[in-house]
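Analysis of the macromolecular model
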Amino acid sequence: MAGKDVAPEREDYTVAYLSDWPRFIPEVAQHCFTEWPSTYEVYGIKDVAGVEQDYRNHIAKNAHNTKIGVPLICFATRKQEAGGVERVLCGSCVVEQSDFHDRHDLTPWVTSVFVVPEFRRKGVARLLMMRALEVAKGLGYPHLWLWTEGHHGSFEFYKKCGFVETEATEYLGKKITIMKHTF
């Protein structure tokens, strides 16, 4: 599996893989479940412990690989302001084979893009997206897919990252937009 990588775009933030830093699993799981509880419930995950187990399963699925593979959970941290060496979680995302039950022909997907509120609008989401794009491209995929609800701030953000709208549909009882990035 990959080593503890540093995203060169921002020296104050580190983008790494959750498999290399499992102590962050509970915190990443808590943030993601708090943000999307109804989505997790559709997949049969009823609580934070279920999200933690899902992440551990993602990591175990890739444990035999000597190179980066999918699924892959990335997260961003920053050194604490007090000058300590301890790192604080800033955000996370997942690159996985499928995130849309009816469209297994579209792969891979970037999912669960989340930034802790105090770190929003500071470049963390862009770092996470750039890492997700780097992973998908490095694995030889021609596209990276995502879905988002409506045309709000995240839709515009994804457009700035090079994603284009491919279709509007309904999924999990929500009106969504499917977007893709072509390499």
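Now for a description of the structure that goes with this document. (Residues numbered from 1 in each chain as written. Predicted model: local features only at pLDDT ≥ 70, side-chain atom pairs only at ≥ 80, totals over all residues. Heavy atoms only, no water.)

Along the protein chain, the regular secondary structure elements total five helices and seven strands. The secondary structure elements of the protein chain, listed N-terminal to C-terminal, are β-α-α-α-β-β-β-α-β-α-β-β. When burial is assessed residue by residue, the protein chain has 44% of its 183 residues classed as buried. Intrachain contacts of the protein chain at a sequence separation of at least 6 include 59% that bridge at least 24 residues. (Helix = DSSP H or I, 4+ residues; strand = E, 2+ residues; numbered from the N terminus. Buried < 20%, exposed > 50% of the residue type's maximum accessible area, 1.4 Å probe, protein only. Contact = heavy atoms within 4.5 Å.)

To continue, consider the side chain of Thr148. Tracing the sequence through the fold places Thr148 in strand 5 (residues 143-149). A distance of 3.0 Å separates polar atoms of two side chains, one belonging to Thr148 and the other to Ser154. When neighbours within four sequence positions are excluded, Thr148 is seen to be in contact with Ser154, Phe155, Tyr158, Lys175, Ile176, Thr177 and Met179. (Polar contact = N/O pair within 3.5 Å; in protein donor to acceptor, adjacent residues only side chain to side chain.)

What follows concerns the packing of aromatic side chains. The geometry of an aromatic ring pair is captured by two quantities: the separation of the ring centres and the angle between the planes. Following the criterion strictly, the structure yields 11 aromatic pairs and no others. On the basis of an interplanar angle of 35° and a centroid distance of 6.1 Å, the ring pair of Phe33 and Tyr40 is categorised as tilted. Members of the aromatic cluster, joined through ring pairs, are Phe100, Trp109, Trp145, Trp147 and Tyr171. (Phe/Tyr/Trp six-rings, centres within 6.5 Å; stacked < 30°, edge-to-face > 60°.)

This part takes up the state of the cysteines. In this structure the tally under the stated criterion is zero disulfides. Free cysteine: Cys93, not disulfide-bonded; nearest cysteine sulfur from Cys74 at 4.5 Å. (Disulfide = S-S within 2.5 Å.)

This paragraph deals with the pairing of strand 4 (residues 109-115). Counted residue by residue, strand 4 has six buried out of seven residues, so it is predominantly covered. Relative to strand 4, strand 3 (residues 87-96) runs antiparallel, the two sharing five bridges. The partner of Glu96 across the bridge, within strand 4, is Trp109. (Pairing = 2+ DSSP bridges.)

So, on to the pairing of strand 5. Note on strand geometry: in a regular strand, side chains alternate between the two faces of the sheet. Counting buried residues in strand 5 gives six out of seven residues, a clear majority hidden from the surface. By the bridge criterion, seven bridges tie strand 5 to strand 7 (residues 174-182) in an arrangement that is antiparallel. Along strand 7, the bridge assignment pairs Glu149 with Ile176.

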